[in-house]
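# Structure assessment
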Amino acid sequence: MATTKYEVTYIIKPDIDEESKKALVENYDKVIADNNGTMVESKDWGKRRFAYEIDKYREGTYHIMTFTADDAEAVNEFARLSKIDNAILRSMTVKLDK
């Protein structure tokens, strides 16, 4: 099976403290690794203002992960966990061309 490259952007609530944010990012990086994904890059994009309000927030902290995986297991697990995590406002996954 061919390896696919993915990019996941997710927005973390702005009122979360730095220690909790670091633990959250490490947790999601580990979710990718535990589900047969290979992390290429995981970087913080910083706090940005939204064009519109999301869950009563006007800004959020953006984080981007780029990783490769042989199947969609890592993507599906990230999507499942991020939807039930109250610290994540939104997420978007994109399949990248090689």
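Read on for a plain summary of the structure. (Residues numbered from 1 in each chain as written. Predicted model: local features only at pLDDT ≥ 70, side-chain atom pairs only at ≥ 80, totals over all residues. Heavy atoms only, no water.)

### Description of the packing of aromatic side chains
Scanning the model with the defined rule gives six aromatic pairs in all. Where Tyr10 meets Phe78, the ring centres are 5.5 Å apart and the plane angle is 50°; that geometry is what we call tilted. Note that Tyr10 is positioned in strand E1 (residues 4-12) and Phe78 in helix H2 (residues 73-84), a separation of 68 residues in sequence. This pair shows no difference in class: Tyr10 is buried, exactly as Phe78 is. Of the aromatic side chains, those joined through ring pairs into one cluster are Tyr10, Tyr28 and Phe78. When the ring centre of Trp45 is taken as reference, the NZ or CZ atom of Arg48 above it lies at 4.4 Å. (Phe/Tyr/Trp six-rings, centres within 6.5 Å; stacked < 30°, edge-to-face > 60°. Helix = DSSP H or I, 4+ residues; strand = E, 2+ residues; numbered from the N terminus. Buried < 20%, exposed > 50% of the residue type's maximum accessible area, 1.4 Å probe, protein only. Lys NZ or Arg CZ within 6 Å of the ring centre and 35° of its normal.)

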